[in-house]
Amino acid sequence: MSLRHALLALLTVEPMTGYDLSKAFQASVSHVWHAPDSQIYPELRRMEADGLLVGTEVPWGPRGKKREYHVTEAGLDAFRAWMNEPLSYTRERDPAHLKAAYLEWAEPDAARAQLRAHIANFDEQRVEWLEKVREIDTGTSAMLEKRLGHAPASEHASIRAYKRYTYVGLIARAEHEIEWAERGLVLIDELNGTDAAPPAD
């Protein structure tokens, strides 16, 4: 996956300015593909140069203007082609699991702190994903409802189902990482012959 495919996915909903795209990106696809504004804006310009988007000037505020991007037929074709291609999986870089393999080098309290931070990180993500599922189920996801408004009624069920399926998968991944880190805390105590150290206030 590349940043341009994530941007094309958003622009299949409706035309957006770079500012609107950045907000929509952070509220949706950034959960699976992180990119800061410093990458989004240059990529939009490249996509326009490649014929995937057309940009038009639109009013912004009392006297300002913004560039609004529309997907071209070439852009839709590129997105459709990417969606029908199998992914090319790359080798992962996973510092948490790399460090876990060598925790005998860490002080027990330092090892516990790292695993607790791992738990806190994925618990925060899990809560966020659960909220996304709730929004899908209750029809309160602004971006999803906007997408449904531009899609034929015959596609609504599959659109909702695939979005929900994605977030349920992310929840399962987060819960797996939390359980793994919790087992690590137990392991540290077993190896050091101690009861679980209380978390810091």
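The rules behind each value
- Residues numbered from 1 in each chain as written.
- Predicted model: local features only at pLDDT ≥ 70, side-chain atom pairs only at ≥ 80, totals over all residues.
- Heavy atoms only, no water.
- Domains from an automatic or database assignment.
- Buried area = accessible area lost by both parts, 1.4 Å probe.
- Salt bridge = Lys/Arg side-chain N within 4 Å of Asp/Glu carboxyl O.
- Polar contact = N/O pair within 3.5 Å; in protein donor to acceptor, adjacent residues only side chain to side chain.
- Nonpolar A, V, L, I, M, F, W, Y, C, P; charged D, E, K, R; others polar.
- Pairing = 2+ DSSP bridges.
- Helix = DSSP H or I, 4+ residues; strand = E, 2+ residues; numbered from the N terminus.
- Axes fitted to C-alpha atoms, helices over the stretch in contact; angles between N-to-C directions.
- Parallel < 35°, antiparallel > 145°, perpendicular 65-115°, else oblique.
- Left-handed = near helix turned anticlockwise from the far one by under 90°.
- Contact = heavy atoms within 4.5 Å.
- Buried < 20%, exposed > 50% of the residue type's maximum accessible area, 1.4 Å probe, protein only.
- Lys, Arg positive; Asp, Glu negative; His and termini not counted.
- Core = buried A, V, L, I, M, F, W, Y, C linked by side-chain atoms within 4.5 Å.
- 1 Å grid on protein atoms, 1.4 Å probe; cavity = no way out; pocket = protein on both sides within 12 Å on 5 of 7 lines; lining within 4 Å.
- Points joined across faces, edges and corners; volume = space filled by probe spheres on them.

The name given to the protein in an unreviewed UniProt entry is PadR family transcriptional regulator, with the source organism recorded as Cryobacterium glaciale.

Colleague: Can you lay out the domain arrangement of the protein for me, pointing to particular residues and giving the numbers?
Modeller: When the parts come together, some accessible area is lost, and that loss is often what is quoted as the size of the interface. Taken domain by domain, the protein comprises domain 1 (1-84) and domain 2 (95-192). For domain 1 and domain 2, the distance between their C-alpha centroids amounts to 26 Å. Summed over both sides, the interface between domain 1 and domain 2 buries roughly 800 Å², with carbon and sulfur atoms accounting for 62% of that surface. When residues of domain 1 are sorted by the area they lose upon contact with domain 2, Val13, Glu14 and His31 head the list and together hold 66% of the total. At the surface where domain 1 touches domain 2, the tally comes to one salt bridge. Ionic pairing is found between Glu14 and Lys146, a salt bridge with its closest N-O pair at 3.2 Å. Linking domain 1 to domain 2 there are three residue pairs in polar contact (both at pLDDT 80 or more). Along the lines of polarity and charge, the residues of the side of domain 1 that touches domain 2 split into seven nonpolar, three polar and one charged.

Colleague: Pulling in residues and values, what's your account of the sheet that holds strand β2 (residues 53-60)?
Modeller: Consider a sheet: its strands pair through backbone hydrogen bonds, and that pairing is either parallel or antiparallel. Spatially, the three strands line up as an open sheet ordered β1-β3-β2, and their pairing is antiparallel. Lying at the two open borders of the sheet, with one neighbouring strand each, are β1 (16-17) and β2. Relative to strand β3 (residues 64-71), β1 is paired through two bridges, and the arrangement is antiparallel. If you follow Met16 over to β3, its bridge partner there is Tyr69.

Colleague: Which residues make up the packing of helix α1 (residues 3-11) against helix α4 (residues 73-83), and what values do they have?
Modeller: In a pair of packed helices, the angle between the axes and the distance between the axes together describe the arrangement. At a minimum axis separation of 10 Å, α1 and α4 run at an interaxial angle of 115°. On the basis of the axis angle, α1 is roughly perpendicular to α4. Judged by the sense of rotation from one axis to the other, the crossing of α1 with α4 is left-handed. Contact residues: α1 offers His5, Leu8 and Ala9, while α4 offers Gly75, Phe79 and Trp82.

Colleague: Requested: an account of α1, with residues and values cited.
Modeller: Counting buried positions along α1 yields nine of nine residues, so the element is predominantly enclosed. Of the residues making up α1, those classed as buried are Leu3, Arg4, His5, Ala6, Leu7, Leu8, Ala9, Leu10 and Leu11.

Colleague: An account of the side chain of Glu135 is needed here, citing residue identities and associated values.
Modeller: Locating Glu135 in the fold gives a position in helix α6 (residues 108-138). Although buried, Glu135 forms no salt bridge, and the nearest oppositely charged side chain, Lys132, lies 4.0 Å from it. If we ignore the near neighbours within four places in the chain, the residues touching Glu135 are Thr140 and Ser141.

Colleague: An account of the nonpolar core is needed here, citing residue identities and associated values.
Modeller: Core analysis: the biggest nonpolar cluster contains 21 residues, and Leu7, Leu10, Leu21, Phe25, Ile40, Leu44 and Leu53 have the highest contact counts within it. Contributions of two or more residues to this core are made by α1, α2 (18-27), α3 (37-49) and α4. Take this core: its biggest share by element is seven residues, from α1. Setting aside its immediate chain neighbours within four residues, Leu44 contacts Leu7, Gly18, Leu21, Leu53 and Tyr69. Membership of the second largest hydrophobic core comes to 11 residues, among which are Ile119, Ala174, Ile178 and Ala181.

Colleague: Residue-level account of the layout of surface pockets, with values.
Modeller: Quantified by volume, the second largest pocket comes out at close to 310 Å³. Lining the second largest pocket are 16 residues, and of these Ala100, Leu103, Leu187, Ile188 and Leu191 sit closest to its centre. When contributions to the lining of the second largest pocket are tallied by element, the ones reaching two or more residues are α6 and α8 (156-192). The greatest single-element share of the lining of the second largest pocket, amounting to eight residues, is contributed by α8. Looking at the lining of the second largest pocket residue by residue, the class counts come to 11 nonpolar, two polar and three charged.

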